[in-house]
Amino acid sequence: MKISYMFQSEEVDTITCDVVFDEETLLLTDPVQEELPPWTALENCKCSNCPLSEMENPYCPIAVRLLPLAKIFGGVPSYKPMVAVVVTPERKIINDTTVQQAMSSLLGLIMPLSGCPHFDFLKPMARFHLPFSSMEETIFRATSTYLLGNHFLKCQGLAAQEGLTGLSELYGELQKVNQGLSKRLRSSGDFMETNAVAILDVYAQTIPFVIDDFVTDLGKVLSAYQDVKS
C-alpha cells in the first residue's frame with residue numbers, strides 16, 4: 001500500500017515522499033539506507049523505555065526511517081508556509097499548512113510503521129491514515145481502535161482490558177519515546193528544529209487526561225445506540 005505526501009512551496013520545487021508498507025505486517029517495505037550516521041544508532045539518546053537490544057537492533061527503527069526526511073525538512077524553518085497534498089488509495093487531501101504541521105502529519109504515519117514496539121498499537125490507525133486530523137478526531141479514532149482491538153481479543157479467547165486505562169498507559173509510553181526522539185534529532189545536526197515531534201508529543205501528553213471527558217461528551221453523538229434494540 002502506498003500513501004504519497006507532496007510538498008509545494010515558493011522556495012523549492014514539489015517534493016514527493018512515498019510511504020510504502022505491507023498491508024498485513026503494517027511495516028514499511030522500502031529498504032533502509034546502507035550507510036547510517038552515528039545519530040541513528042540505538043544507543044545514541046536511547047529512549048528511557050526502549051525494549052530493544054543493541055545486539056539485535058543496532059539502529060533505532062524510527063531514526064533510520066526519519067533519515068530521508070532530513071534532506072527534505074532538515075534545514076527548513078518550521079514556520080515556513082507550504083501546501084501539502086496527500087494521496088491515499090481512497091482520497092486526495094490538499095492542505096495549506098506549515099512545515100512543522102506537514103512534517104508532524106507525515107511522522108504520524110511513518111512512526112507506527114517503523115517497527116518501534118511502542119507504536120504497534122497505532123498501526124491500525126496508520127493503515128487508515130487521516131492526514132492533519134484534529135485532537136478530537138485523533139481521540140475518537142484512537143479510542144475506537146483500542147476498544148475494537150480488545151473486542152477481537154475477547155472473540156479469540158485472549159486476555160482483553162476493560163475501559164480505556166490501558167490506552168492512557170500506552171500514550172504515556174509514547175511520551176517517553178517522543179522525548180528521546182527529540183534529543184536524538186537535536187543531536188543529529190541534520191534537523192534544524194524538532195517542532196513536528198513536539199506537536200505529536202502534545203497529543204501524547206494530552207490524550208490520557210482528556211479521554212474520559214471526551215468519551216462523556218460523545219454521549220450525545222452516540223445516543224442513537226441507546227435506541228437500538230437487540
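See above for the structure.
Model, not experiment: these values are computed from the prediction. (Residues numbered from 1 in each chain as written. Predicted model: local features only at pLDDT ≥ 70, side-chain atom pairs only at ≥ 80, totals over all residues. Heavy atoms only, no water.)

### Observations regarding the pattern of salt bridges
Under the counting rule described, the total for this entry stands at five salt bridges. Here Glu173 makes a salt bridge to Lys176, at a shortest N to O gap of 3.6 Å. Taken together, the residues Glu173 and Lys176, both in helix α5 (residues 165-188) and three residues apart, mark about one turn of the helix. (Salt bridge = Lys/Arg side-chain N within 4 Å of Asp/Glu carboxyl O. Helix = DSSP H or I, 4+ residues; strand = E, 2+ residues; numbered from the N terminus.)

### Overview of the nonpolar core
Generally speaking, soluble globular proteins have nonpolar side chains that are buried together. Judged by nonpolar contacts, the single largest core of 60 residues is most densely connected at Phe7, Ile62, Leu69, Phe73, Leu106 and Tyr171. Element by element, the count of residues in this core is highest for helix α1 (residues 61-73), at nine residues. Once you skip the residues sitting within four places of it in the chain, Leu106 turns out to touch Tyr5, Phe7, Cys17, Val19, Leu69 and Phe73. (Core = buried A, V, L, I, M, F, W, Y, C linked by side-chain atoms within 4.5 Å. Buried < 20%, exposed > 50% of the residue type's maximum accessible area, 1.4 Å probe, protein only. Contact = heavy atoms within 4.5 Å.)

### Here we look at the sheet that holds strand β1 (residues 2-8)
Spatially, four strands are ordered β2-β1-β3-β4 in an open sheet, and the strand pairing comes out antiparallel. Of all strands in the sheet, those with a lone pairing partner are β2 (15-20) and β4 (92-98), marking the two edges. Neighbour to neighbour, the strand axes of the sheet diverge by 20 degrees on average, direction disregarded. (Pairing = 2+ DSSP bridges. Axes fitted to C-alpha atoms, helices over the stretch in contact; angles between N-to-C directions.)

### Observations concerning the packing of α1 against α5
A pair of packed helices is characterised by two quantities: the angle between their axes and the separation of those axes. The contact between α1 and α5 brings their axes to 11 Å, and the two run at 50 degrees. Viewed along their axes, α1 and α5 adopt a mutual orientation that is oblique. In terms of crossing hand, the pair formed by α1 and α5 is right-handed. Every residue of α5 that contacts α1 at Ile62, Ala63 and Leu66 is listed here: Val177, Leu181, Arg184 and Leu185. Tallied by class, the residues present in the contact of α1 with α5 amount to six nonpolar, no polar and one charged. (Parallel < 35°, antiparallel > 145°, perpendicular 65-115°, else oblique. Left-handed = near helix turned anticlockwise from the far one by under 90°. Nonpolar A, V, L, I, M, F, W, Y, C, P; charged D, E, K, R; others polar.)

### As for α1
With 13 residues, α1 extends 19 Å from end C-alpha to end C-alpha; this agrees with the ideal 18 Å at 1.5 Å per step. For α1, the full list of buried residues reads Pro61, Ile62, Ala63, Val64, Arg65, Leu66, Leu67, Leu69, Ala70, Ile72 and Phe73. In this structure, the buried side of α1 is in contact with β1, β2, β3 (81-87), α2 (99-110) and α5. (Expected span 1.5 Å × (residues − 1).)

### Comments concerning α5
Look at α5: 35 Å from first C-alpha to last across 24 residues, which is about the 34 Å you get at 1.5 Å a residue. Phi turns positive, to about 80 degrees, at Gly189, one or two residues after α5.

### A word on the environment of Thr145
Relative to the helices and strands, Thr145 resides in helix α4 (residues 135-155). As a C-alpha pair, Thr145 and Pro124 span 21 residues in sequence and 7.3 Å in three-dimensional space. With near-sequence residues (within four places) excluded, Thr145 lies in contact with Pro124 and Met125.

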